[in-house]
Amino acid sequence: MDRGLSRKWSLPWQFLQTRMRTRRLYLALCLTLVLLFINVAAYQTILGNNSKRTKLFGTNDQTRNKSRRRRQDADVPDISNSPTIFESDRLPVTGNSTIGYTLNTRLMASIGNGHLATTVYSDTIFVNGLYSGDGFKGRSHRATIPSQNNIRAMLPSEVDAVRRFALDVEKGVFFETVTTDQVTVEQRTYAHQFYTRLLVTEIHVTRGQGTGDIVIGLTTNPGSDGQDFLWDSISSPSVASRYRHGTINVTETATSPRSEVHMYWTPVPSTITLASSESQKSVSYITSIDTDQATARESFEIGRQFARSDLYPTHLEAWRKVWDAGRIEVEGNLNLQKIINGALYYILSSLPAHDHYGTANQFYGLSPGGLANGKLLQDYQGHSFWDTETWMYPPILMLHPTLAKDILSYRIHVRGPAYDRAQENGYQGLRFPWESAFTGVEVTPGDICWECRENQQHITGDIAFAARQYVSATRDLRWLQDENGWELIRETARFWKSRPTFNRKRGLYDINGVMPPDEFHHTVNNSIYTNVVAKLSMDFANYTACLVGEAEETAGEVESWVTDVGDRLYLPEITDEKYHPEFEGYPKGELIKQADVILLGYPLMWKMSDEVRKNDLNVYEEVTDRTGPAMTWSMFCIGWLELQEYTKASQMFQDSYSIYVKEPFKIWTEAHQGLGAVNFITGMGGFLQAVLFGYGGFRLHVDHLDFNPVLPPDTDSMKIHGLDYLGSSLDFTISRDQVTINVTSLGGDYPLEIKAGDASYTLQEGVPVQLPRGPATIATTRQDSNRCTPPVVGDGTAGRLKATLWIFLLSVLLIAMQ
């Protein structure tokens, strides 16, 4: 073919090829759009057409008003005007006029010091770490020890006698006082805050107008031996002492050690006589308990030696140090102040003592009923689960960080079974049990809730998030490197790296077959809360690897967990309605048990628009069971405060405590109606978070601390004593117009600076900083503190964007293969 003919035919052919390429590109674009449409349709199918769903829980005004009914005047009122004393002239009772009334110990005050605790006038003492019962069967529970301090004093004549019963939370003492013209008898009972093995009852008799001998009768009721221990016979080392040894009857596992208990006590006579020649008389009855006999004996001898001198003052001094270290005060609302003090007291009395004699035993966790509760099949049997890290832990972290570390030390101590649990299910790292007791094995009663036992895996993310909060608040590198903190963070993240399965249809990872915090839905896929805590766990492990200076190979491995899995976790969100579905396929309007999705905004601080945050609060307030546990409403309060919806926040704040607090001793019940678990320190923890993180406005980030306070309802001012951040202790005084920050102790390792608007202030000890009330940030000015890039908290759109990108790349690949 000659050159001219070739040129003649080549021009149309080039034109045809161009047209064909254009059509192929057009077809590829159409294919991409079709795939995107299919992807969107698939999302809508998975998540459901919510507009067609029937709401299962009405929210008419009548229901709403009925559900928000306020607690009426208590049957047994608190008559004290002191913010730290809960007092009454009678005790709570149970029964009726037909069958008679008996003391209701379920609503009695408790005393404790983290090592031992008891409910006043009960026949039982509980000791940290002593459990009896088969864990696999879900029957491991706090082992009951007969109380030798269940003592009551009776006058020869009760005519015209005036009795008062008072819990003084500032002193950690329960008082009973009975007064006549003839005599006054004061009985005080306390778990010693310094000599922590001791439970002490002191009786002080003071003469009035009476003459002659006055005989005070004493009764004791230690209860039966029960089934939890194999007890030896009581022996008498001396005339003034008794001793008994016991071993746990049923161990938690077949291979776990059979714990022992050693108890020394002072025998209680039937009477005390104030001789005619005496104007007053004091006696002390002491019980000492430990798992080590030498320790129990030494503490008992110390108690007897100092009973008439320093025993009581050292206890008061120890409690003074606790309150000086961290507390919250409000002015203008006595009832609220009392409830704040009570909540802090009951949680603190279940935690290890700040300052104590001798070596502390390993701490075995916080349970929903505290250390003073947890019998067989009652009050969650003294088990630890997400209540510890999610609800009780955050306010303790900010006010008493050493105690927060004690809480985490329990998880580290029992991590062995958590490794085993993960491996048994084909995963890696640490998978913590839903309920844990002595050994760390799963002890959730399977016959009560098997799905809870198997599916509530978010507990591992909750623990990881608590570790994240501790590092953010303290930058405690020693804990990370020498006390297994880095291992805890790394291995919980490793579990989440191994837990998801890859969904090829959308190119993302799913976490299937879980129970979210909402326990009304037992087995779901892609719980938004679970997936977010999983991602946060992996993100923070990557950050911590840098913080501890991990070797490049290990650091690279941890980083790959984020890029390969964490950033590709499916996080469902309905775009057009702008709210987070609780899980994949959640039918909008379906009843839920408790706070779940709303926890994304706080405490997880998952970034989202105000519109989405508001929609989450509205959607889930309508469908949350109004008879559910107290802590739910605290989280709604915090959410509405974020959005400056103060009226709604106040309603939720009131709902978070008013129905659940029982007078006169500020005992919390779990249930909206009836009791449930008592003394429900889970609810107390949520309530304290509403005070500290809601009205206080604090937000703890990895590299800074934000605050934006507003006064709680019906208060004139609020003062937060001893908020700890990066080794410094700060006092915040909040009024209607300004905030004053005083540094009471400045940590030398991390100098701090406050920024409020365009102004910045270097914090110095003894030099107050005054700011107009509004948002501000505290961060360290240490130059090397930001060498590691903090993890970015996503907004929930990453999953969909990555899915879209995956489909686009697939389209390009198909085109390239043509």
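Residues numbered from 1 in each chain as written. Predicted model: local features only at pLDDT ≥ 70, side-chain atom pairs only at ≥ 80, totals over all residues. Heavy atoms only, no water.

A word on the nonpolar core. Grouped together as the largest cluster of nonpolar side chains are 183 residues, with contacts concentrated most on Phe665 and Phe687. When residues in this core are grouped by element, the largest group, 12 residues, is from helix 13 (residues 528–547). In contact with Phe665, not counting residues within four places along its chain, are Phe86, Leu91, Pro92, Leu107, Met108, Ala109, Phe165, Ala166, Leu167, Phe174 and Tyr346. If you look at the next biggest cluster of nonpolar residues, it comprises 16 residues, including Tyr190, Ala296, Leu311 and Tyr312. (Core = buried A, V, L, I, M, F, W, Y, C linked by side-chain atoms within 4.5 Å. Buried < 20%, exposed > 50% of the residue type's maximum accessible area, 1.4 Å probe, protein only. Helix = DSSP H or I, 4+ residues; strand = E, 2+ residues; numbered from the N terminus. Contact = heavy atoms within 4.5 Å.)

Quick look at the state of the cysteines now. By definition, a disulfide is the covalent link that joins the sulfur atoms of two cysteine residues. Evaluated as defined, the whole model comprises 2 disulfides. Each sulfur in the disulfide pair Cys449 and Cys452 lies 2.1 Å from the other. Its torsion about the S-S bond being 75 degrees, the disulfide of Cys449 and Cys452 is classed as right-handed. One end of the pair, Cys449, and the other, Cys452, are both in helix 9 (residues 446–455), 3 residues apart, so they sit about a helical turn from each other. The class of Cys449 is buried, set by a relative accessible area of 15%. The disulfide partner of Cys546 is Cys788, and the S-S distance across this bridge is 2.1 Å. With the S-S dihedral at roughly -85 degrees, the linkage between Cys546 and Cys788 falls on the left-handed side. A residue pair is termed long-range when its members are at least 10 positions apart, and Cys546 in helix 13 and Cys788 in the loop between strand 35 (776–780) and helix 19 (798–816) qualify at 242 residues. Should the bonded cysteines of the chain be numbered as they appear in the sequence, the pairing reads 1-2, 3-4. (Disulfide = S-S within 2.5 Å.)

Note that Ser88 resides in strand 1 (residues 85–88). A distance of 3.0 Å separates a polar atom in the side chain of Ser88 from the backbone oxygen of Arg90. (Polar contact = N/O pair within 3.5 Å; in protein donor to acceptor, adjacent residues only side chain to side chain.)

What follows is about the sheet that holds strand 10 (residues 151–154). Sheet architecture is open: 3 strands sit in the order 10-15-20, paired in antiparallel fashion. Each edge of the open sheet is held by one strand with a lone partner, namely strand 10 and strand 20 (271–274). The mean angle between the axes of side-by-side strands here comes to 25 degrees, regardless of whether they run parallel or antiparallel. (Pairing = 2+ DSSP bridges. Axes fitted to C-alpha atoms, helices over the stretch in contact; angles between N-to-C directions.)

Residue-level pLDDT values for the chain average 90, and 88% of them are 70 or greater. This stretch, residues 796–818, has a pLDDT under 50; its non-local contacts, to residues over four places away or in other chains, come to 32 contacts. (pLDDT = per-residue confidence, 0-100.)

On to the packing of aromatic side chains. Each aromatic ring pair is summarised here by two numbers: the centre-to-centre distance and the angle between the ring planes. Under the definition given, this model contains 36 aromatic pairs. A ring pair is formed by Trp319 and Tyr345, whose centres lie 5.6 Å apart and whose planes are at 35 degrees; its orientation type is tilted. Of this pair, Trp319 sits in helix 4 (residues 311–325) while Tyr345 sits in helix 5 (residues 334–348), placing them 26 residues apart in sequence. Residues Phe540 and Tyr543 carry aromatic rings whose centres are separated by 5.6 Å and whose planes lie at 35 degrees to one another, so their mutual orientation is tilted. Of this pair, Phe540 and Tyr543 are both found in helix 13, 3 residues apart, which corresponds to roughly one turn of the helix. The class for Phe540 is buried, based on a relative accessible area of 2%. Chaining the aromatic ring pairs together yields one cluster made of Phe653, Tyr657, Trp668, Phe687 and Tyr695. Above the plane of the ring of Tyr121 lies Arg152, whose end atom (NZ or CZ) is 4.1 Å from the centre. A cation over an aromatic ring shows up here: Lys666 above the ring of Phe86, its NZ or CZ 4.5 Å from the ring centre. (Phe/Tyr/Trp six-rings, centres within 6.5 Å; stacked < 30°, edge-to-face > 60°. Lys NZ or Arg CZ within 6 Å of the ring centre and 35° of its normal.)

Here we come to the sheet that holds strand 34 (residues 769–772). On the basis of which strands lie adjacent, the open sheet formed by 5 strands has the order 22-29-30-31-34 and antiparallel pairing. Each of the sheet's edge strands pairs with one partner strand only, and the pair in question is strand 22 (327–331) and strand 34. Geometrically, the sheet is characterised by an average inter-axis angle of 20 degrees between neighbouring strands, direction not taken into account. Looking at chain direction, strand 30 (residues 728–734) and strand 31 (residues 738–745) are connected through 6 bridges and run antiparallel. The residue bridging Phe732 from the neighbouring strand is Ile741, located in strand 31. The strands touched by helix 18 (residues 681–695) are strand 22 and strand 29 (717–725); relative to strand 29, the strand with the most contacts, the crossing angle is about 90 degrees.

As a further point, take helix 10 (residues 458–474). For helix 10, with 17 residues, the first-to-last C-alpha span of 24 Å sits near the 24 Å given by 1.5 Å per residue. Judged by how many residues are buried, helix 10 sits mostly within the fold: 17 of 17 residues are covered. Backbone geometry just downstream of helix 10 places Arg475 in the positive-phi region, at approximately 50 degrees. (Expected span 1.5 Å × (residues − 1).)

The subject of this paragraph is the packing of helix 12 (residues 485–498) against helix 13. Two elements in contact, helix 12 and helix 13, have axes separated by 8 Å at closest approach and are oriented at 135 degrees. With respect to helix 13, the element helix 12 is oriented oblique. Where helix 12 crosses over helix 13, the two elements pack in a sense that is left-handed. Each of Trp486, Ile489, Arg490, Thr492, Ala493, Trp496 and Lys497 in helix 12 lies in contact with helix 13, whose residues at this interface are Thr530, Ala534, Ser537, Met538, Phe540, Ala541, Thr544 and Ala545. Taken together, the residues that form the contact of helix 12 with helix 13 break down as 9 nonpolar, 4 polar and 2 charged. (Parallel < 35°, antiparallel > 145°, perpendicular 65-115°, else oblique. Left-handed = near helix turned anticlockwise from the far one by under 90°. Nonpolar A, V, L, I, M, F, W, Y, C, P; charged D, E, K, R; others polar.)

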